[in-house]
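Observations on the three-dimensional arrangement
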Amino acid sequence: MRLDKYEKELQIAQLAVQRASILTKRVFHEKAKGTVDKNDKSPVTIGDFGAQALIIAALQHNFPDDAIVAEEESAKLKEDANLRATIWDLVKDTKLDDAAAEELLGGPIKDVDAMVELIDKGNSPGGSQGRIWAIDPIDGTKGFLRGGQYAVCLALMVDGDVKVGALGCPNLPIDNDARLTAGIGENQTDEGHGVLFSAVQGHGATSRPLATVNLDVEAGTPISMRAIDDLTKANFCESVEAGHSSHGDQAAISQKLGITAQSVRMDSQAKYGSIARGAGDIYLRLPVSATYQEKIWDHAAGDLIVRESGGQVTDIHGKRLDFSIGRTLAGNKGVVAAPLAVHGKVLEVVQEVLSAKL
Ligand SMILES: Nc1ncnc2c1ncn2[C@@H]1O[C@H](COP(=O)(O)O)[C@@H](O)[C@H]1OP(=O)(O)O
Ligand SMILES: [Mg+2]
Ligand SMILES: [Mg+2]
Ligand SMILES: [Mg+2]
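Residues numbered from 1 in each chain as written. Chains lettered and ligands numbered in written order. Predicted model: local features only at pLDDT ≥ 70, side-chain atom pairs only at ≥ 80, totals over all residues. Heavy atoms only, no water.

**Digging into the overall build of the protein chain**
Let me state the cut-off plainly: Counting from the N terminus, the helices are the DSSP runs of H or I reaching at least four residues and the strands are the DSSP runs of E reaching at least two. Atoms counted for the radius of gyration: C-alpha only. Globule rule: 2.2 Å times the number of residues to the power 0.38. Note on exposure labels: buried denotes an accessible area under 20% of the residue type's maximum, exposed denotes more than 50%, and partly exposed covers the range between, all computed with a 1.4 Å probe on protein chains only. All accessible-area figures derive from a Shrake-Rupley calculation using a 1.4 Å probe, and residue coverage is judged against the displayed protein chains alone. Working convention for charge: Lys and Arg count positive, Asp and Glu count negative, and His plus the chain ends are omitted. Throughout, a charge is located at the NZ atom of Lys, the CZ atom of Arg, the CG atom of Asp or the CD atom of Glu.
Across its full length, the protein chain carries eleven helices and twelve strands. In terms of overall dimensions, the protein chain is globule-like: its C-alpha atoms have a radius of gyration of 19 Å, near the 21 Å expected for 358 residues. Looking at the protein chain as a whole, 59% of its 358 residues are labelled buried. When the accessible area of the protein chain is evaluated, it comes to approximately 14,000 Å², of which 48% is carbon and sulfur surface. The average position of the 38 basic charges and that of the 50 acidic charges among the side chains of the protein chain differ by 3 Å.

Right, dumping it as structure tokens:
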């Protein structure tokens with residue numbers, strides 16, 4: 001991808017996601033070894049806070065005037081000294097294996113207090129004005145815990161429009177031609193896994209192995225959605241969690257489209273990355289709750305990566321996702337992502353199945 005704009009933003013976004021992914025992988029493997037308690041939610045908490053601090057440190061160093069909308073806030077950390085110490089222990093020596101790249105990110109965080117302060121820099125209300133970064137330090141926490149899919153997600157919006165997106169997916173196969181997959185499992189190695197997807201508006205999307213060193217920002221492998229004219233041959237993916245999207249409605253839509261393959265269930269924005277590279281074709285996220293508002297950090301990077309790969313992403317009403325309202329997608333309901341050429345047909349069937357509820 002040749003860039004005339006947003007080159008520095010993309011470079012920093014990719015490196016920041018790489019560095020945060022090193023931390024999440026360390027947490028996962030330490031959990032397996034038993035050094036981090038695996039019987040409660042603490043691995044998630046440690047990974048979430050640690051990754052968010054590292055990403056915000058990199059953004060603040062490079063773009064001190066930009067606003068940040070991040071999922072986590074530090075209240076819990078402030079009242080738990082043990083948790084704070086555990087996280088700091090990991091954060092203080094998580095770095096890229098490349099001094100120049102580490103320098104670009106501003107090097108290590110100064111101390112534990114600075115770490116806590118950084119976490120709270122992600123408290124912007126969002127909105128339609130100026131430069132705003134959206135961070136989900138670990139998306140797919142349930143997947144993260146079970147060795148399934150999860151993603152470290154970062155996107156830059158300018159005046160409410162997503163311009164740059166980066167998604168680190170440590171448990172996806174590097175191979176763009178690999179089938180859709182649920183993850184590496186509890187005890188497997190990382191061998192052959194770890195993908196970094198990215199996109200810049202108007203410049204396409206790429207994938208590359210998720211590494212620990214510096215990178216040439218223009219050297220990723222261009223990806224595109226599969227050209228599919230016969231929807232009965234499509235593969236569709238959906239959340240693992242029935243509480244996050246309606247498996248029942250999605251099955252009814254799939255059946256109406258004549259899709260014969262079983263859906264592939266995977267956690268996180270790894271679904272957006274997977275369809276963007278043609279490992280699957282359609283991602284459906286139909287609402288289970290009338291009141292739940294999707295969060296911008298759960299969709300911003302994936303939305304851009306899919307659209308830059310030849311896809312369309314809308315809600316169930318056919319409206320593009322609107323990132324300009326605030327921290328949530330308050331103006332949208334559900335997600336329908338598919339190759340541009342067939343998106344209209346998929347949406348038609350979504351609306352048929354949901355007609356009783358629309
Ligand atoms: N009722 C809900 N509907 C849709 N998404 C939800 C709901 N509750 C939580 N989520 C979010 O779904 C995301 C994971 O999606 P997926 O199932 O595709 O992996 C998480 O970020 C999670 O947010 P949270 O982090 O607040 O739990
Ligand atoms: Mg999330
Ligand atoms: Mg999260
Ligand atoms: Mg969460």
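Now, onward.
**Thoughts on the UniProt feature "binding site: Mg(2+)" (unreviewed entry) in the protein chain**
The line we're drawing: UniProt positions are given in the numbering used here, feature names are shortened, and annotations may be inferred rather than shown by experiment. Throughout, a residue-residue contact means that at least one pair of heavy atoms, one from each residue, lies within 4.5 Å.
According to UniProt, the positions carrying the feature "binding site: Mg(2+)" (unreviewed entry) are E71, D136, I138, D139 and D298. For the annotated residues, spread through 228 residues, the largest C-alpha to C-alpha distance comes to 9.7 Å, consistent with a single compact locus. Mapping D136 onto the fold places it in strand 2 (residues 131-139). Filtering out sequence-adjacent residues up to four positions away, D136 remains in contact with E71, A151, V152, C153, W297 and D298. Relative to the assigned elements, D298 resides in the loop between strand 10 (282-285) and helix 10 (300-307). Those residues in contact with D298, other than ones at most four positions away along the chain, are D136, D139, Q269, Y272 and Y292.

**Let's talk about the domain arrangement of the protein chain**
The extent of an interface is frequently quoted as the accessible surface area lost upon association of the parts. Put simply, the rule is: Note: domain ranges come from an automatic or database domain assignment. Here the quantity called buried area is the accessible surface, traced with a 1.4 Å probe, that two parts lose on coming together, added over both. Only one rule defines a salt bridge in this text: a Lys or Arg side-chain nitrogen within 4 Å of an Asp or Glu carboxyl oxygen. Three residue categories are used. Nonpolar comprises Ala, Val, Leu, Ile, Met, Phe, Trp, Tyr, Cys and Pro, charged comprises Asp, Glu, Lys and Arg, and polar comprises the others, including Gly.
Structurally, the protein chain comprises domain 1 (7-223) and domain 2 (231-356). On the side of domain 2, 34 residues touch domain 1, which itself brings 55 residues to the contact. Across the interface of domain 1 and domain 2, roughly 3,200 Å² is buried in total on both sides, 62% from carbon and sulfur atoms. Applying the counting rule to domain 1 against domain 2 returns two salt bridges. In this structure, the salt-bridge partner of E241 is R146, at a minimum N-O distance of 2.8 Å. Top contributing element to the side of domain 1 that touches domain 2 by residue count: strand 4 (residues 161-173), with ten residues. Class assignment for the residues of the side of domain 1 that touches domain 2 results in 28 nonpolar, 18 polar and nine charged.

**Some remarks on the coordination of the magnesium ion (ligand 2)**
The line we're drawing: A donor here means any N, O or S atom no more than 2.8 Å from the metal (3.2 Å for Na, K and Ca); water is not included, so a site may seem to lack partners.
Taken together, the protein donors to the magnesium ion (ligand 2) comprise D136 (OD), D139 (OD) and D298 (OD), at separations of 2.0 to 2.2 Å. Between consecutive donors of the magnesium ion (ligand 2), the numbers of intervening residues give the motif D-x2-D-x158-D. Between the magnesium ion (ligand 2) and the magnesium ion (ligand 3) the interatomic distance amounts to 3.6 Å, and D136 serves as a bridging ligand to the pair. Remark: D298 occurs in the loop between strand 10 and helix 10 and D139 occurs in strand 2; sequence separation between them is 159 residues. As far as the burial class goes, D139 and D298 line up, both buried.

**Describing the packing of aromatic side chains**
As a reminder, the rule being used: Classification of ring pairs uses Phe, Tyr and Trp, with its six-membered ring standing for Trp, and accepts pairs whose centres are within 6.5 Å; under 30 degrees between planes counts as stacked, over 60 as edge-to-face, and the remaining range as tilted.
Taken as a whole and assessed by the stated rule, the structure comprises four aromatic pairs. Plain terms: the ring middles of F144 and Y150 are 4.9 Å apart, the flat faces sit at 80° to each other, and that makes the pair edge-to-face. Assigned by exposure class, F144 and Y150 land together as buried. On the basis of an interplanar angle of 80° and a centroid distance of 4.9 Å, the ring pair of Y272 and Y283 is categorised as edge-to-face. Residue Y272 is located in helix 9 (residues 270-276), and its partner Y283 is located in strand 10; the two are separated by eleven residues in the primary sequence.

**Comments concerning the site of ligand 1**
Cut-off, in case you're wondering: Being near a molecule or strand, for a residue, comes down to having at least one heavy atom within 4 Å of it. Identification of polar contacts relies on pairs of N or O atoms within 3.5 Å, with a donor-acceptor requirement for protein atoms, meaning one able to donate a hydrogen and the other able to accept it, and with residues adjacent in sequence counted only if both atoms are side-chain atoms.
Lining the immediate environment of ligand 1, one finds E71, D139, S239, G243, H244, D267, S268, K271, R285, Y292, E294 and D298. Within the contact set of ligand 1, a nitrogen atom lies 3.3 Å away from a backbone nitrogen or oxygen of G243. H244 places a side-chain nitrogen or oxygen 2.7 Å from an oxygen atom of ligand 1. Alone, ligand 1 offers 560 Å² of accessible surface; in the complex the protein occludes 79% of this. Grouping the constituent residues of the shell around ligand 1 by class yields one nonpolar, four polar and seven charged.

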